[in-house]
Amino acid sequence: MTADYFQSYSVVGLLAVVGVLFVAVAFGAGRLLRPVVPTPEKLLTYECGVDPVGEGWAHTQVRYYVYAFLYVIFAVDSIFLFPWATVFAAPGFGGATLVEMFIFLGFLAVGLLYAWKKGVLEWT
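- In the annotation of an unreviewed UniProt entry, the entry for the protein chain reads NADH-quinone oxidoreductase subunit A, and the organism field reads Streptomyces roseoverticillatus.
- On record in UniProt, under Catalytic activity (unreviewed entry), the comment for the protein chain is "a quinone + NADH + 5 H(+)(in) = a quinol + NAD(+) + 4 H(+)(out)".
- Taken directly from UniProt, the Subunit (unreviewed entry) text for the protein chain runs: "NDH-1 is composed of 14 different subunits. Subunits NuoA, H, J, K, L, M, N constitute the membrane sector of the complex."

Structure follows, in structure tokens:
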């Protein structure tokens, strides 16, 4: 019984070792086969084909990150809705799962309302 248990994990361990070796061999081969000819132009910082001018710090609008964060939150939360729909359809789980999902959606609505009241969702 115990031998079967550890044997199943040995297959996973072997697969992990093979994966790590594959990545190591690929990186090693790339390092050995690539041409190495450093020139002053190649050692410059590359900025989309434009020579770097000025400081290295650039100010980025925080609202881009806020919108991205809100998108990730609601995308992940929508993923939780699909398993809920399958459980909700199963007999005997209807009322409890419906209450749980409305509590879950209530938390999301409160978070969205908070972001809206704070003015986070305004683009101007």
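### Some remarks on the overall build of the protein chain
Consideration 1: The helix and strand tally for the protein chain stands at three helices and zero strands.
Consideration 2: Across the 124 residues that make up the protein chain, the buried fraction comes to 5%.
Consideration 3: About 11300 Å² of surface is accessible on the protein chain, with carbon and sulfur atoms providing 74% of the total.

### A few points about the UniProt feature "transmembrane region" (unreviewed entry) in the protein chain
Consideration 1: According to UniProt, the "transmembrane region" (unreviewed entry) feature falls on residues 12-33, 64-87 and 93-116.
Consideration 2: As annotated, residues 12-33 comprises 100% helix and 0% strand, and the C-alpha atoms at either end are separated by 32 Å.
Consideration 3: Helix makes up 100% of residues 64-87 and strand 0%, with an end-to-end C-alpha separation of 36 Å.

### Overview of the side chain of Asp77
Consideration 1: Here Asp77 shows up in helix H2 (residues 62-89).
Consideration 2: In this structure, Asp77 is buried with no salt-bridge partner, the nearest side chain bearing the opposite charge being Lys118 at 20 Å.
Consideration 3: If near-sequence neighbours (up to four positions away) are discounted, Asp77 is found in contact with Phe104 and Leu108.

### A look at the environment of Trp84
Consideration 1: Mapped onto the elements, Trp84 comes out in helix H2.
Consideration 2: We classify Trp84 as partly exposed; its relative accessible area is 23%.
Consideration 3: When the C-alpha atoms of Trp84 and Leu98 are compared, they prove to be 8.7 Å apart, with 14 residues separating the residues in sequence.

### Quick look at the confidence of the model for the protein chain
Consideration 1: Here the protein chain averages 81 in pLDDT, while 87% of its residues score no lower than 70.
Consideration 2: Predicted confidence in the protein chain is weakest over H2, with a mean pLDDT of 79, and strongest over helix H1 (residues 2-33), with 90.

### Focus on a nonpolar patch on the surface
Consideration 1: Together, Tyr5, Phe6, Tyr9 and Val12 make up a nonpolar patch on the protein surface, roughly 470 Å² of accessible area in all.
Consideration 2: Mapping Val12 onto the fold places it in helix H1.

### Observations concerning the environment of Ser78
Consideration 1: Position of Ser78 among the secondary structure elements: in helix H2.
Consideration 2: Along the primary structure Ser78 and Leu105 are separated by 27 residues, whereas in three dimensions their C-alpha atoms are 9.9 Å apart.

The rules behind the values
Residues numbered from 1 in each chain as written. Predicted model: local features only at pLDDT ≥ 70, side-chain atom pairs only at ≥ 80, totals over all residues. Heavy atoms only, no water. UniProt positions renumbered as here; feature names shortened; annotations may be inferred. Helix = DSSP H or I, 4+ residues; strand = E, 2+ residues; numbered from the N terminus. Buried < 20%, exposed > 50% of the residue type's maximum accessible area, 1.4 Å probe, protein only. Areas by Shrake-Rupley, 256 points an atom, 1.4 Å probe, with all protein chains shown as cover. Lys, Arg positive; Asp, Glu negative; His and termini not counted. Salt bridge = Lys/Arg side-chain N within 4 Å of Asp/Glu carboxyl O. Contact = heavy atoms within 4.5 Å. pLDDT = per-residue confidence, 0-100. Patch = residues over 30% accessible without salt bridge, like charges linked within 9 Å, V, L, I, M, F, W, Y side chains within 5 Å.

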